[in-house]
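This is what each chain is made of:
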Amino acid sequence: MFALGPPSVVPTDVRLMLAAGDSVSLAWAEGGLPLEYLGHGFSVGGDPDATTLFSLFRDAGANVSGASVGTRWHDVLQPARVCSDREAAEHCRLNGAVDGARVADIGRQLEYLETQMARLYPSSAHQWKVLTLFVGLSDAAFAADPAGGPTPVARFEDAYAETLRRIGRWNATFVNTLLLPVNASAFLRVARGSVECSAVETLMHTPSFPWKWTDSHTWAATLGGYNAAIGRVAARQNGARTHATDPYFAVQRFMERFVPERAGVDTLDCFHPNAATRRAMAVALWNNMVGPKAESFSPRS
């Protein structure tokens, strides 16, 4: 049992919104180009034409900051490199996500977010924050060792636990920990059946491609293991809460059974959610956190 129940916070109490994770949080390739469309990221995108979790809070009257905006190019072969100071000011703000990031890379993203909060929002320590964490697809899809295997579940769980322990030292933070789509291998099926995406998909599977793919037949079991680990780690952290403003980790399950279809993915590699899917992700988060009356946070599956 939790030492304390989930915090009761009205949307207008939230002052900062943050993101950590991989390219899914960056709306990669939304426009059919290999760019990060940060302003359309499902959690903290702030472009005026995007429906995101940030925009839903803003439209509910919350005076929130931290949204990422615009587009940028990023070298996907550098998954550990978070935004530079210039990129932080122009685009990233409090979106620390990086293309291709694995769970072991999240520590650098949290360091970036902590630095930005201290620099730009020095009073944020005692203000309510919403952090959305989505990571693990790269751990499953790309080889973590010379043998070509994914990040082992035990290693993933250890790294995820360290991530949540670090966030646990923050104050007044509601954390969305998203489960991963166990049907992710269907992205490859969609790509191979798409004229637009098949060329890029073929290129990404050539021997010269710098990242080695794992066997997609293992993805469902691997991602299922990661999801179980996320649930265990979040439960342990919540069980250690002793104050009402200690971070709360809400396990968001709506992506777990997501089955990719052509109408819901981008037009470059068919491996990323498109605008319609990201909008649905944002609305699902809002509904799970706030509910239709928008009165208080109440995590629901």
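Residues numbered from 1 in each chain as written. Predicted model: local features only at pLDDT ≥ 70, side-chain atom pairs only at ≥ 80, totals over all residues. Heavy atoms only, no water.

## Overview of helix H8 (residues 219–239)
- Spanning 21 residues, H8 covers 30 Å between terminal C-alpha atoms, matching the ideal 30 Å at 1.5 Å per step.
- Regarding H8, the residues found buried are Trp-219, Thr-222, Leu-223, Gly-225, Tyr-226, Asn-227, Ala-229, Ile-230, Val-233, Ala-234, Gln-237 and Asn-238.
- Where H8 is buried, its residues meet helix H4 (137–141), helix H5 (153–167), strand E3 (173–178), helix H6 (186–192) and strand E4 (248–252). (Helix = DSSP H or I, 4+ residues; strand = E, 2+ residues; numbered from the N terminus. Expected span 1.5 Å × (residues − 1). Buried < 20%, exposed > 50% of the residue type's maximum accessible area, 1.4 Å probe, protein only. Contact = heavy atoms within 4.5 Å.)

## What to know about the pattern of salt bridges
- Counting across every chain of the model gives twelve salt bridges.
- Salt-bridge contacts for Arg-72 lead to Glu-36; the nearest nitrogen and oxygen are separated by 2.5 Å. Within this pair, whereas Arg-72 is found in the loop between helix H1 (53–59) and helix H2 (85–92), its partner Glu-36 is found in the loop between strand E1 (14–21) and H1, the two being separated by 36 residues in sequence.
- For Glu-36, a relative accessible area of 0% corresponds to the buried category.
- With its nearest N and O atoms 3.6 Å apart, the salt bridge here joins Arg-81 to Glu-87.
- By sharing partners, the salt bridges in this structure join Glu-36, Arg-72, Arg-81 and Glu-87 into a single network. (Salt bridge = Lys/Arg side-chain N within 4 Å of Asp/Glu carboxyl O.)

## Some remarks on the pairing of E1
- Across the eight residues that make up E1, a large majority, seven, are buried.
- Pairing geometry for E1 and strand E2 (residues 128–134), over seven bridges, is parallel. Bridged to Met-17 within E2 is Val-130. (Pairing = 2+ DSSP bridges.)

## Brief notes about the packing of H5 against H8
- The interhelical angle for the contact between H5 and H8, taken along N-to-C directions, is 35°, at an axis separation of 9 Å. In this structure, H5 meets H8 at a crossing whose hand is right-handed. On H8, the residues touching Val-153, Phe-156, Glu-157, Tyr-160, Ala-161, Leu-164 and Arg-165 of H5 are Thr-222, Gly-225, Tyr-226, Ala-229, Ile-230, Arg-232, Val-233, Ala-234, Arg-236 and Gln-237.
- Tallied by class, residues from the contact of H5 with H8 come to ten nonpolar, three polar and four charged. (Axes fitted to C-alpha atoms, helices over the stretch in contact; angles between N-to-C directions. Left-handed = near helix turned anticlockwise from the far one by under 90°. Nonpolar A, V, L, I, M, F, W, Y, C, P; charged D, E, K, R; others polar.)

## Details of the environment of Asn-274
- Residue position: Asn-274 is located in the loop between E4 and helix H9 (275–289).
- Taking the relative accessible area as the measure of exposure, Asn-274 reaches 15% and is therefore buried.
- Spatially, the C-alpha atoms of Asn-274 and Ile-167 are 29 Å apart, while their sequence positions differ by 107 residues.

## Focus: the confidence of the model for the protein chain
- In the predicted model, the protein chain carries a mean pLDDT of 89, and the fraction of residues at 70 or more is 93%.
- Across the protein chain, the element-wise mean pLDDT spans from 78 in helix H7 (residues 195–204) up to 98 in H5.
- A low-confidence stretch, residues 293–301 (pLDDT under 50), is modelled with 32 contacts involving residues beyond four sequence positions or located in other chains. (pLDDT = per-residue confidence, 0-100.)

## Quick word on unusual backbone geometry
- Despite not being glycine, Ala-27 shows a phi value in the positive range, around 55°.
- Positionally, Ala-27 belongs in the loop between E1 and H1.
- Ala-27 sits in the buried class, given a relative accessible area of 1%.
- Phi is positive for Ala-172, close to 50°, though the residue is something other than glycine.

## Here's the deal with the environment of Phe-174
- With respect to the element layout, Phe-174 can be found in strand E3.
- Since its relative accessible area comes to 2%, Phe-174 is described here as buried.
- Between the C-alpha atoms of Phe-174 and Val-130, which are 44 residues apart in sequence, the distance is 4.9 Å.

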